[in-house]
Amino acid sequence: MRIVLCDDDEQVIKLLKKYLREYFQSARLSQPDYTVYTSGDDLLVSEAAPSAAPVDIVFLDVEMPGRNGISTGAFLKEMNPNVRIFIVTSYPDYLDDAMKFHVFRYLSKPIDKARLFRNMKEALYQISMDAEKISIETKEETVICSSDEIVMIENEDRKVWAHTLSRSLESVENAKYWDRLLKYKSFYRPHRSYIINFKFILSYTRESITLKTPDGRIWESFLARRKYQELKDAYLLFLEAMS
(Lines give C-alpha, C1' and ligand atoms only; values in the text may rest on other atoms or scores of the structure.)
Protein backbone atom coordinates (compact mmCIF):
# COMPACT_ATOMS: atom_id res chain seq x y z
CA MET A 1 0.00 0.00 0.00
CA ARG A 2 1.10 3.53 -0.73
CA ILE A 3 -0.09 6.76 0.95
CA VAL A 4 0.64 10.28 -0.31
CA LEU A 5 0.62 13.31 1.99
CA CYS A 6 0.50 16.78 0.45
CA ASP A 7 0.61 19.87 2.67
CA ASP A 8 2.90 22.89 2.88
CA ASP A 9 2.74 22.77 6.69
CA GLU A 10 5.53 20.55 8.00
CA GLN A 11 3.84 20.10 11.39
CA VAL A 12 0.64 18.79 9.81
CA ILE A 13 2.61 16.27 7.74
CA LYS A 14 4.51 15.17 10.84
CA LEU A 15 1.31 14.69 12.86
CA LEU A 16 -0.48 12.84 10.06
CA LYS A 17 2.41 10.41 9.64
CA LYS A 18 2.52 9.86 13.39
CA TYR A 19 -1.22 9.09 13.57
CA LEU A 20 -1.15 6.88 10.49
CA ARG A 21 1.76 4.85 11.80
CA GLU A 22 -0.12 4.43 15.07
CA TYR A 23 -3.21 3.27 13.21
CA PHE A 24 -1.44 0.62 11.15
CA GLN A 25 0.44 -0.57 14.22
CA SER A 26 -2.73 -0.83 16.34
CA ALA A 27 -4.53 -2.66 13.51
CA ARG A 28 -1.56 -5.05 13.19
CA LEU A 29 -1.12 -4.16 9.54
CA SER A 30 2.06 -3.65 7.57
CA GLN A 31 3.16 -0.05 7.39
CA PRO A 32 2.52 1.47 3.95
CA ASP A 33 5.00 3.46 1.92
CA TYR A 34 4.64 7.20 2.56
CA THR A 35 5.41 9.91 -0.01
CA VAL A 36 5.37 13.60 0.97
CA TYR A 37 4.82 16.66 -1.22
CA THR A 38 4.54 20.32 -0.27
CA SER A 39 2.58 21.45 -3.34
CA GLY A 40 -0.07 20.09 -5.66
CA ASP A 41 2.07 20.88 -8.70
CA ASP A 42 4.95 18.72 -7.44
CA LEU A 43 2.55 15.92 -6.61
CA LEU A 44 0.94 15.81 -10.05
CA VAL A 45 4.25 15.99 -11.92
CA SER A 46 5.70 13.10 -9.90
CA GLU A 47 2.59 10.92 -9.80
CA ALA A 48 1.94 11.31 -13.53
CA ALA A 49 5.37 9.88 -14.35
CA PRO A 50 5.25 6.40 -15.93
CA SER A 51 7.58 5.07 -13.22
CA ALA A 52 5.32 6.21 -10.36
CA ALA A 53 3.96 3.40 -8.19
CA PRO A 54 0.15 3.25 -7.79
CA VAL A 55 -1.20 5.31 -4.90
CA ASP A 56 -4.07 4.09 -2.72
CA ILE A 57 -4.77 7.01 -0.36
CA VAL A 58 -4.00 10.73 -0.62
CA PHE A 59 -4.23 13.40 2.08
CA LEU A 60 -4.52 16.86 0.51
CA ASP A 61 -4.38 20.31 2.02
CA VAL A 62 -6.52 22.90 0.23
CA GLU A 63 -4.53 26.12 0.61
CA MET A 64 -1.09 25.52 -0.90
CA PRO A 65 1.29 27.48 -3.14
CA GLY A 66 0.40 27.03 -6.81
CA ARG A 67 -2.36 24.54 -7.61
CA ASN A 68 -4.73 24.11 -4.66
CA GLY A 69 -5.88 20.82 -3.18
CA ILE A 70 -9.29 20.85 -4.89
CA SER A 71 -7.77 21.15 -8.36
CA THR A 72 -5.07 18.60 -7.48
CA GLY A 73 -7.65 16.13 -6.21
CA ALA A 74 -9.77 16.44 -9.35
CA PHE A 75 -6.73 15.65 -11.53
CA LEU A 76 -5.79 12.69 -9.32
CA LYS A 77 -9.30 11.27 -9.70
CA GLU A 78 -8.97 11.49 -13.48
CA MET A 79 -5.65 9.66 -13.29
CA ASN A 80 -6.93 7.02 -10.87
CA PRO A 81 -10.71 6.86 -10.17
CA ASN A 82 -10.16 4.39 -7.32
CA VAL A 83 -7.82 6.56 -5.26
CA ARG A 84 -9.22 7.55 -1.83
CA ILE A 85 -8.74 11.27 -1.27
CA PHE A 86 -8.88 12.93 2.14
CA ILE A 87 -9.19 16.72 2.06
CA VAL A 88 -7.51 18.12 5.19
CA THR A 89 -8.14 21.81 5.80
CA SER A 90 -9.22 24.56 8.17
CA TYR A 91 -11.60 25.97 5.55
CA PRO A 92 -15.03 24.25 5.42
CA ASP A 93 -16.10 26.51 2.55
CA TYR A 94 -14.40 24.10 0.13
CA LEU A 95 -16.63 21.14 1.02
CA ASP A 96 -19.01 21.53 -1.95
CA ASP A 97 -16.12 21.78 -4.41
CA ALA A 98 -14.46 18.71 -2.91
CA MET A 99 -17.63 16.64 -3.20
CA LYS A 100 -17.83 17.30 -6.93
CA PHE A 101 -15.04 14.80 -7.57
CA HIS A 102 -16.22 12.35 -4.89
CA VAL A 103 -13.63 13.09 -2.24
CA PHE A 104 -13.55 10.23 0.24
CA ARG A 105 -13.48 12.29 3.45
CA TYR A 106 -13.18 15.91 4.54
CA LEU A 107 -11.07 16.29 7.70
CA SER A 108 -10.89 19.52 9.66
CA LYS A 109 -7.73 20.87 11.23
CA PRO A 110 -6.65 20.27 13.92
CA ILE A 111 -6.91 16.58 13.04
CA ASP A 112 -8.98 14.44 15.38
CA LYS A 113 -7.13 11.13 15.79
CA ALA A 114 -10.21 9.07 16.66
CA ARG A 115 -12.05 10.26 13.56
CA LEU A 116 -8.99 9.67 11.40
CA PHE A 117 -8.80 6.10 12.69
CA ARG A 118 -12.50 5.48 11.90
CA ASN A 119 -12.07 6.90 8.41
CA MET A 120 -8.95 4.85 7.74
CA LYS A 121 -10.80 1.69 8.71
CA GLU A 122 -13.50 2.47 6.16
CA ALA A 123 -10.95 3.44 3.49
CA LEU A 124 -9.14 0.13 3.88
CA TYR A 125 -12.47 -1.71 3.74
CA GLN A 126 -13.33 -0.01 0.45
CA ILE A 127 -9.87 -0.73 -0.93
CA SER A 128 -10.39 -4.39 -0.05
CA MET A 129 -13.67 -4.20 -1.98
CA ASP A 130 -11.74 -2.92 -4.99
CA ALA A 131 -9.60 -6.03 -4.70
CA GLU A 132 -12.75 -8.19 -4.61
CA LYS A 133 -13.06 -9.15 -8.24
CA ILE A 134 -16.45 -9.95 -9.74
CA SER A 135 -16.95 -11.96 -12.92
CA ILE A 136 -19.79 -10.77 -15.14
CA GLU A 137 -20.55 -13.48 -17.65
CA THR A 138 -22.41 -12.58 -20.83
CA LYS A 139 -23.22 -14.69 -23.89
CA GLU A 140 -20.19 -13.29 -25.68
CA GLU A 141 -17.57 -12.72 -22.97
CA THR A 142 -16.64 -12.71 -19.30
CA VAL A 143 -15.76 -9.31 -17.87
CA ILE A 144 -13.79 -8.96 -14.64
CA CYS A 145 -14.30 -5.84 -12.54
CA SER A 146 -14.12 -4.82 -8.91
CA SER A 147 -17.30 -4.97 -6.84
CA ASP A 148 -16.94 -1.23 -6.21
CA GLU A 149 -17.41 -0.56 -9.94
CA ILE A 150 -20.92 -2.03 -9.98
CA VAL A 151 -23.51 0.75 -9.89
CA MET A 152 -26.68 -1.31 -10.12
CA ILE A 153 -28.10 -4.70 -11.09
CA GLU A 154 -31.37 -4.42 -13.04
CA ASN A 155 -33.85 -7.17 -13.91
CA GLU A 156 -35.90 -5.98 -16.87
CA ASP A 157 -38.03 -7.97 -19.34
CA ARG A 158 -36.45 -11.25 -18.25
CA LYS A 159 -32.99 -9.82 -18.83
CA VAL A 160 -30.52 -9.07 -16.04
CA TRP A 161 -28.23 -6.09 -16.60
CA ALA A 162 -25.08 -5.36 -14.63
CA HIS A 163 -24.52 -1.61 -14.92
CA THR A 164 -20.89 -0.74 -14.16
CA LEU A 165 -18.87 2.46 -14.24
CA SER A 166 -17.64 1.62 -17.72
CA ARG A 167 -20.62 -0.06 -19.43
CA SER A 168 -23.81 -2.10 -19.09
CA LEU A 169 -23.60 -5.86 -19.57
CA GLU A 170 -26.37 -8.43 -20.02
CA SER A 171 -25.62 -11.14 -17.47
CA VAL A 172 -26.39 -14.81 -18.07
CA GLU A 173 -26.95 -15.16 -14.29
CA ASN A 174 -30.34 -14.45 -12.73
CA ALA A 175 -31.21 -11.84 -10.10
CA LYS A 176 -31.04 -14.36 -7.25
CA TYR A 177 -27.42 -15.09 -8.15
CA TRP A 178 -26.53 -11.40 -7.86
CA ASP A 179 -28.46 -11.03 -4.62
CA ARG A 180 -26.40 -13.84 -3.08
CA LEU A 181 -23.15 -12.53 -4.52
CA LEU A 182 -23.39 -8.85 -3.54
CA LYS A 183 -23.57 -9.22 0.21
CA TYR A 184 -21.36 -6.22 0.95
CA LYS A 185 -22.73 -3.51 3.20
CA SER A 186 -22.70 -0.99 0.34
CA PHE A 187 -25.28 -2.96 -1.69
CA TYR A 188 -29.03 -3.01 -1.07
CA ARG A 189 -32.07 -4.54 -2.79
CA PRO A 190 -34.81 -1.86 -2.74
CA HIS A 191 -37.08 -3.71 -5.16
CA ARG A 192 -37.29 -7.21 -6.59
CA SER A 193 -35.93 -5.88 -9.90
CA TYR A 194 -32.95 -3.92 -8.56
CA ILE A 195 -29.82 -4.12 -6.44
CA ILE A 196 -28.14 -0.75 -5.92
CA ASN A 197 -24.79 0.47 -4.65
CA PHE A 198 -25.30 3.00 -1.83
CA LYS A 199 -22.09 4.70 -2.91
CA PHE A 200 -23.83 6.25 -5.93
CA ILE A 201 -27.11 7.45 -4.37
CA LEU A 202 -27.97 11.01 -5.34
CA SER A 203 -31.51 11.16 -3.88
CA TYR A 204 -34.53 9.02 -3.09
CA THR A 205 -38.28 9.27 -2.57
CA ARG A 206 -40.87 6.78 -1.32
CA GLU A 207 -41.10 5.32 -4.81
CA SER A 208 -37.69 5.62 -6.45
CA ILE A 209 -33.94 6.04 -6.01
CA THR A 210 -31.70 8.17 -8.21
CA LEU A 211 -28.06 7.17 -8.66
CA LYS A 212 -25.31 9.25 -10.22
CA THR A 213 -21.87 8.12 -11.37
CA PRO A 214 -18.75 10.37 -11.42
CA ASP A 215 -19.09 10.87 -15.18
CA GLY A 216 -22.53 12.42 -14.68
CA ARG A 217 -24.73 9.52 -15.82
CA ILE A 218 -28.05 9.14 -14.00
CA TRP A 219 -29.69 5.82 -13.08
CA GLU A 220 -33.16 5.20 -11.66
CA SER A 221 -34.33 2.34 -9.45
CA PHE A 222 -37.80 1.58 -8.13
CA LEU A 223 -38.28 1.42 -4.36
CA ALA A 224 -40.91 -0.88 -2.86
CA ARG A 225 -43.03 1.33 -0.58
CA ARG A 226 -42.81 -1.10 2.31
CA LYS A 227 -39.03 -0.77 2.14
CA TYR A 228 -38.82 3.00 2.46
CA GLN A 229 -37.97 3.03 6.17
CA GLU A 230 -35.67 0.05 5.79
CA LEU A 231 -33.79 1.86 3.02
CA LYS A 232 -33.45 5.00 5.14
CA ASP A 233 -32.08 3.02 8.09
CA ALA A 234 -29.66 1.00 5.96
CA TYR A 235 -28.44 4.09 4.10
CA LEU A 236 -27.92 6.03 7.34
CA LEU A 237 -25.87 3.15 8.72
CA PHE A 238 -23.81 3.18 5.53
CA LEU A 239 -23.21 6.93 5.79
CA GLU A 240 -22.37 6.63 9.49
CA ALA A 241 -19.78 3.97 8.75
CA MET A 242 -18.21 6.28 6.19
CA SER A 243 -18.20 9.40 8.40
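Use the structure listed above.
Residues numbered from 1 in each chain as written. Predicted model: local features only at pLDDT ≥ 70, side-chain atom pairs only at ≥ 80, totals over all residues. Heavy atoms only, no water.

**With respect to the pairing of strand β4 (residues 84–89)**
Next up, step 1: For β4, the buried fraction is high: six of the six residues fall into the buried class.
Next up, step 2: Residues Arg84, Phe86 and Val88 point to one face of β4 and Ile85, Ile87 and Thr89 to the other, with burial holding for every one of them.
Next up, step 3: Here strand β3 (residues 57–61) runs beside β4; their pairing, made up of five bridges, is parallel. If you follow leucine 60 over to β4, its bridge partner there is isoleucine 87.
Next up, step 4: When β4 meets strand β5 (residues 105–108), the two strands line up parallel, connected through four bridges. For threonine 89, the partnering residue across the bridge sits in β5 and is serine 108. (Buried < 20%, exposed > 50% of the residue type's maximum accessible area, 1.4 Å probe, protein only. Helix = DSSP H or I, 4+ residues; strand = E, 2+ residues; numbered from the N terminus. Pairing = 2+ DSSP bridges.)

**Some details on the pairing of strand β7 (residues 142–146)**
Next up, step 1: With five bridges connecting them, strand β6 (residues 133–137) and β7 associate as antiparallel partners. Looking across to β7, one finds that serine 135 is bridged to isoleucine 144.
Next up, step 2: Hairpin geometry of β6 and β7 is characterised by an intervening segment of four residues between the two adjacent antiparallel strands.

**Overview of the environment of leucine 239**
Next up, step 1: The residue leucine 239 is located in helix α7 (residues 228–242) in this model.
Next up, step 2: With relative accessibility at 36%, the residue leucine 239 sits in the partly exposed group.
Next up, step 3: Distance from leucine 239 to glutamate 170, taken between C-alpha atoms, is 30 Å for residues 69 residues apart in sequence.

**Overview of the sheet that holds strand β9 (residues 159–164)**
Next up, step 1: Strand order across the open sheet formed by five strands is β10-β9-β8-β12-β11, with antiparallel pairing between neighbours. Both outer strands of the open sheet, β10 (168–171) and β11 (187–191), are each paired with one neighbouring strand and no more. Each adjacent strand pair in this sheet contributes to an overall mean axis angle of 25°, direction not counted.
Next up, step 2: Pairing analysis gives four bridges linking β9 to β10, with the strands arranged antiparallel. From the neighbouring strand, valine 160 faces β10, where its bridge partner is serine 171. (Axes fitted to C-alpha atoms, helices over the stretch in contact; angles between N-to-C directions.)

**What about helix α2 (residues 40–47)?**
Next up, step 1: Of all the residues in α2, the buried ones are Gly40, Leu43, Leu44 and Glu47. Projected down its long axis, α2 carries its buried residues within an arc of 90°, all on one side. (Arc of directions from axis to C-beta.)

**A look at the packing of α2 against helix α3 (residues 69–79)**
Next up, step 1: Two elements in contact, α2 and α3, have axes whose closest approach is 10 Å; the angle formed by their N-to-C orientations is 10°. By the angle between their directions, the pair α2 and α3 is classed as roughly parallel. By crossing handedness, the relation of α2 to α3 is classed as left-handed. Mapping the contact onto sequence places Gly40, Leu43, Leu44 and Glu47 in α2 and Thr72, Phe75, Leu76 and Met79 in α3. (Parallel < 35°, antiparallel > 145°, perpendicular 65-115°, else oblique. Left-handed = near helix turned anticlockwise from the far one by under 90°. Contact = heavy atoms within 4.5 Å.)

**Some remarks on the side chain of serine 193**
Next up, step 1: With respect to the helices, strands and loops of the structure, serine 193 is situated in the loop between β11 and β12 (194–197).
Next up, step 2: Once you skip the residues sitting within four places of it in the chain, serine 193 turns out to touch Ile153, Glu154 and Asn155.

**Re the pattern of salt bridges**
Next up, step 1: Counting across every chain of the model gives twelve salt bridges.
Next up, step 2: A salt bridge links aspartate 7 to lysine 109; the nearest nitrogen and oxygen atoms lie 3.0 Å apart. Here aspartate 7, found in the loop between β1 (2–6) and α1 (10–26), pairs with lysine 109, found in the loop between β5 and α5 (113–131); they are 102 residues apart in sequence, far enough to count as distant.
Next up, step 3: Classification of aspartate 7 by relative accessible area gives buried; the value is 2%.
Next up, step 4: Residue aspartate 148 pairs with lysine 199 through a salt bridge whose shortest N-O separation is 2.8 Å. With aspartate 148 in the loop between β7 and β8 (150–156) and lysine 199 in the loop between β12 and β13 (201–204), this residue pair connects regions lying 51 residues apart in the sequence.
Next up, step 5: Through salt bridges with shared partners, one network takes in Asp7, Asp61 and Lys109. (Salt bridge = Lys/Arg side-chain N within 4 Å of Asp/Glu carboxyl O.)

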